[in-house]
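The chain contents come next:
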Amino acid sequence: MGRHLPVLHFRRGPMTCEDSCLETDDEDCRLTTRRLVLRQARMSDAPEIATHANDLQIAQMTSRIPHPYGLDDARAFLGAARDELIVAITRRADDRFLGLCSLAASPTPGAAELGYWIGRPFWGNGYATEAAQAAIDYGFAVLELSAIEVRCRVINTGSRRVIQKCGFGYVGTGLSTSLVAGRVASETYRMDRRTWQSLKSWQTPE
């Protein structure tokens, strides 16, 4: 499969994972969790993306977000996505945009890399964990991935907590590149299909 994931988009129809916490909506092709709706990001999300991503504390913890970050940056990001599933994380109760989550093609055959960020006003509510678990379930149950990988900066304790809550196993520490921070120390984590199958009954985030 290599870096090309030909089914890296929402499929219509029911989930095949009986114990998944996700539901599918045939009309909107969205994933619904207890508090969230994950739907494909669209160009109309660009103003919200620009508003929340234009935050140095968020940008310096990611690899691809520059700072400052404007509307043109958000539009370019959405328009240039290739071999990547990008979903908007929205709150189920009021459709409020909270952040983004993605599954990108990995150099490892049959695997994808998970990414996510939540706008600062919504930190501390467990939304990142809930969204990440939804994306993981989708990746294994629908995209039929063999593994999902995720990275975070070693100083990003919040992201590390999300990763650990999701059940990823630690792989190692190395260097990665951030558009804002340059070369930084980062940790890599991995989950294979067998591990996911044993963790399908996700714990509800606090």
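Residues numbered from 1 in each chain as written. Predicted model: local features only at pLDDT ≥ 70, side-chain atom pairs only at ≥ 80, totals over all residues. Heavy atoms only, no water.

Caption draft 1: Broad picture of the overall build of the chain. Counting secondary structure elements, the chain contains 6 helices and 9 strands. Here the chain holds 206 residues, and 49% of them are scored as buried. Contacts in the chain between residues far apart in sequence, at least 24 positions, make up 63% of those at least 6 positions apart. With the model as given, the accessible surface of the chain reaches about 10,300 Å², and the carbon-plus-sulfur share is 47%. (Helix = DSSP H or I, 4+ residues; strand = E, 2+ residues; numbered from the N terminus. Buried < 20%, exposed > 50% of the residue type's maximum accessible area, 1.4 Å probe, protein only. Contact = heavy atoms within 4.5 Å. Areas by Shrake-Rupley, 256 points an atom, 1.4 Å probe, with all protein chains shown as cover.)

Caption draft 2: How the structure looks around helix α1 (residues 46-53). Considered for burial, the residues of α1 that qualify are Ala46, Ile49, Ala50, His52 and Ala53. Contact partners of the buried residues in α1: α2 (56-59), α3 (71-80), β5 (97-105) and β6 (111-118).

Caption draft 3: View of the packing of aromatic side chains. Under the counting rule described, the total for this entry stands at 3 aromatic pairs. The interplanar angle of 65° and the centroid separation of 6.4 Å between the aromatic rings of phenylalanine 97 and tryptophan 117 together place this pair among those described as edge-to-face. Taken together, the residues span a long stretch of sequence, with phenylalanine 97 in strand β5 and tryptophan 117 in strand β6 at a distance of 20 residues. No difference in accessibility class separates phenylalanine 97 from tryptophan 117, as the two residues are buried. (Phe/Tyr/Trp six-rings, centres within 6.5 Å; stacked < 30°, edge-to-face > 60°.)

Caption draft 4: Quick peek at the confidence of the model for the chain. Considering every residue of the chain, the mean pLDDT works out to 86; 83% of them sit at 70 or more. The least confident element of the chain, judged by mean pLDDT, is strand β1 (residues 23-25) at 42; the most confident is α1 at 98. Low pLDDT (under 50) marks residues 1-27, which in the prediction has 72 contacts with non-local residues, meaning those over four places away or in another chain. (pLDDT = per-residue confidence, 0-100.)

Caption draft 5: Summary view of unusual backbone geometry. Residue proline 68 is bonded to the preceding histidine 67 through a cis peptide linkage, with omega at 0°. Relative to the helices and strands, proline 68 is located in the loop between α2 and α3. Residues other than glycine seldom take positive phi values, yet aspartate 95 does so here, at roughly 65°. Mapping aspartate 95 onto the fold places it in the loop between β4 (84-91) and β5. The phi dihedral of glutamate 144 is positive, around 60°, even though this residue is not glycine. When you line up the elements, glutamate 144 lands in the loop between α4 (127-141) and β7 (147-153). Using a relative accessible area of 56% as the deciding quantity, one classes glutamate 144 as exposed.

Caption draft 6: Layout of the state of the cysteines. For the coordinates displayed, the defined rule picks out 0 disulfides. As a non-bridged cysteine, cysteine 101 has cysteine 166 as the owner of its nearest cysteine sulfur, 9.1 Å distant. For cysteine 101, a relative accessible area of 1% puts it in the buried group. (Disulfide = S-S within 2.5 Å.)

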